[in-house]
Amino acid sequence: MVETTTGGEPDDGAAEVLDRPLPDGVRRRVVQIVSDGFGGLTVAELPVQLRQYARFAPNRRAKFAGNAMAAALETDPLFRQRIAEKLREAQSELTGALDSGSPPPAADPLDVAAAAYVLRPPGWVKLVTAAGEEALRADAERADEETRAELDRLREELAEARGQTRTETERLRTELESAKKEAESLHRKLRGALSDVKRGEAAVRKLRGEMEAVRGEGQAHVSAAESESRRLKARLSEVEATLEATRRAAREGRSVEDMRVRLLLDTVLDATQGLRRELALPPVSVRPAETVDAVEPGRMTPKDIAARALSENDPAILDQLLALPQAHLVVDGYNVTKTGYPQMPLEKQRLRLLGQLSQLAAQTGAEVTCVFDGAELAAPVLLAPPRGVRVLFSKPGVTADELIRQLVRAEPPGRPVIVVSTDREVADGVAKAGARPVASAVLLKRFSRG
């Protein structure tokens, strides 16, 4: 492709064409030149595709807009001329040498090639190609040096491994000699053990003879024991007859013993009544039948309230729920505040909600617990809970939703528990546990009603 100027006339060096990809080193320097000159241009002077990077810092421009800047430099001659002017202002000595056709011998070939790629003086393709070859040669030399260094390192490791192998071989040889000596000692011990076994077998034969003699004596003793057993059984029969006679005599005297036991029982009862008067113990007010969980006539449950002909968004349903005996209102704090007044800071959200809940508790007499997520706090909150409201923050690693479910599970079955939260997962979870979920918007409507 032949590049031309904006007037349609070819530039000096524009007829030259690079027949291979721009070397990576040269391309990086070119992108850096464009990024440095980028800041000196107005937005109108930039190509359309680069205007979005106008406010980027030079390093960020080079990182995120490198491909776009290289493409614009290649396809937009006017943009390239503007960058070339900025390059001449920044590096006048190098650009002047390139314009005169004699690049400085001491300059970095990559810098020379990148400047030549932007300025496009006659022979710029040769400069870029030479820089690429020089970079490849430098990379090859560096790789060769790294290879030699790696080879030297491997040689040192091989020598060290050989030394360790010799050391290990000597150690194993020493252990082998020790094992041989130990094996010889074991052989000697084995021969001694075999001799002991033979002596033991002789002793066993002797013991067997003695056992036969003892067995004969034992049989004689067994016969004598059987005779003694028969005698004892006869004696036992006599004792049992005597025992039966004794039991009959005891039954005849039982009436006297019954009188003594009754007298002891009366004494214990009198002592118990005296102890009750001394301790002022009240009479039993709860009967076992009252401990069974059931619905009594005239009492309403949260499910009865839900069955009434009221809209789920009607705050009157909340009043009916809070009117139940021993009702407990559990509020998902941030869920309510971020639904009603999310623009306020968290501290003011908490104070406003707690003030409204305090008024509601005073009006209804219900137990009120407000739960906030402690994970959003950088430090513990110094907060004085208002009258009638219990304030809880979740512990680290525990969400407010989990704390609400723990509160619901802690309540006894049958107690009316109302949970205010718009979170569907929280609502479903507490409903399964027997609580009555209410949307945050319903509580906010109840507040606005006063």
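Conventions used here
Residues numbered from 1 in each chain as written. Predicted model: local features only at pLDDT ≥ 70, side-chain atom pairs only at ≥ 80, totals over all residues. Heavy atoms only, no water. Helix = DSSP H or I, 4+ residues; strand = E, 2+ residues; numbered from the N terminus. Contact = heavy atoms within 4.5 Å. Areas by Shrake-Rupley, 256 points an atom, 1.4 Å probe, with all protein chains shown as cover. Phe/Tyr/Trp six-rings, centres within 6.5 Å; stacked < 30°, edge-to-face > 60°. Buried < 20%, exposed > 50% of the residue type's maximum accessible area, 1.4 Å probe, protein only. Lys NZ or Arg CZ within 6 Å of the ring centre and 35° of its normal. Core = buried A, V, L, I, M, F, W, Y, C linked by side-chain atoms within 4.5 Å. Axes fitted to C-alpha atoms, helices over the stretch in contact; angles between N-to-C directions. Parallel < 35°, antiparallel > 145°, perpendicular 65-115°, else oblique. Nonpolar A, V, L, I, M, F, W, Y, C, P; charged D, E, K, R; others polar. Polar contact = N/O pair within 3.5 Å; in protein donor to acceptor, adjacent residues only side chain to side chain.

**A word on the overall build of the chain**
At step 1: For the chain, the count of helices and strands is 15 helices and five strands.
At step 2: Counted over contacts in the chain with a minimum sequence separation of 6, partners at least 24 positions apart contribute 59%.
At step 3: Of the roughly 30300 Å² that the chain leaves accessible, carbon and sulfur atoms contribute 55%.

**Considering the packing of aromatic side chains**
For any pair of aromatic rings, the description rests on two quantities: the centre-to-centre distance and the angle between the ring planes.
At step 1: Summed over all chains, the structure comprises two aromatic pairs.
At step 2: Each ring, one from Tyr-334 and one from Phe-372, has its centre 4.9 Å from the other, and the planes form 55 degrees; the classification is tilted. Here Phe-372 lies in strand E2 (residues 367-372) and Tyr-334 lies in helix H11 (residues 333-340), a separation of 38 residues in the sequence. The two residues Tyr-334 and Phe-372 agree in class, both being buried.
At step 3: Through a chain of ring-to-ring contacts, the aromatic side chains of Tyr-334, Phe-372 and Phe-393 assemble into a single cluster.
At step 4: The ring of Tyr-334 carries the charged tip of Lys-338 above its face, separated from the ring centre by 5.4 Å.

**What to know about the environment of Glu-85**
At step 1: Residue position: Glu-85 is located in helix H4 (residues 77-90).
At step 2: Given the relative accessible area of 48%, Glu-85 is considered partly exposed.
At step 3: Here the alpha-carbon distance between Glu-85 and Thr-95, two residues ten residues apart in the chain, equals 9.7 Å.

**Comments concerning helix H15 (residues 440-449)**
At step 1: Burial in H15 covers these residues: Ser-440, Val-442, Leu-443, Leu-444, Arg-446 and Phe-447.
At step 2: Against helix H10 (316-322), strand E1 (328-332), H11, helix H12 (346-364), strand E4 (417-420) and strand E5 (436-438) lie the buried residues of H15.

**So, the nonpolar core**
At step 1: Core analysis: the largest hydrophobic core is formed by 33 residues, its most contacted members being Val-26, Val-30, Leu-73, Phe-79, Ile-83 and Val-118.
At step 2: If you list the elements that add at least two residues to this core, you get helix H1 (24-38), helix H3 (66-75), H4, helix H5 (92-99), helix H6 (109-119) and helix H7 (124-252).
At step 3: Looking at this core element by element, the count peaks at nine residues for H6.
At step 4: Setting aside residues no more than four positions away along its own chain, Leu-73 makes contact with Val-30, Val-34, Phe-79, Arg-80, Ile-83, Tyr-117 and Val-118.
At step 5: If you look at the next biggest cluster of nonpolar residues, it comprises 28 residues, including Val-331, Tyr-341, Leu-357 and Leu-443.

**Focus: the packing of H3 against H4**
Between two packed helices, what matters for the description is the angle formed by their axes and the separation of those axes.
At step 1: In contact at an axis separation of 5 Å, H3 and H4 are set at 105 degrees when each is read in the N-to-C sense. One element, H3, and the other, H4, form an angle in the roughly perpendicular class. Every residue of H4 that contacts H3 at Met-69, Ala-72, Leu-73, Glu-74 and Thr-75 is listed here: Pro-77, Phe-79, Arg-80 and Ile-83.
At step 2: Considering only residue class, the contact of H3 with H4 consists of six nonpolar, one polar and two charged.

**Some points on the side chain of Ser-440**
At step 1: One can find Ser-440 in helix H15.
At step 2: Residue Ser-440 is classed as buried on the basis of its relative accessible area, which comes to 0%.
At step 3: Within the local environment of Ser-440, its side chain forms a polar contact with the side chain of Asn-335, the two groups lying 2.6 Å apart.
At step 4: Of note is the side chain of Ser-440, whose polar atom sits 3.0 Å from the side chain of Thr-422.
At step 5: Those residues within four positions of Ser-440 in sequence are excluded, and the remaining contacts are Asn-335, Val-336, Thr-339, Val-420, Ser-421 and Thr-422.

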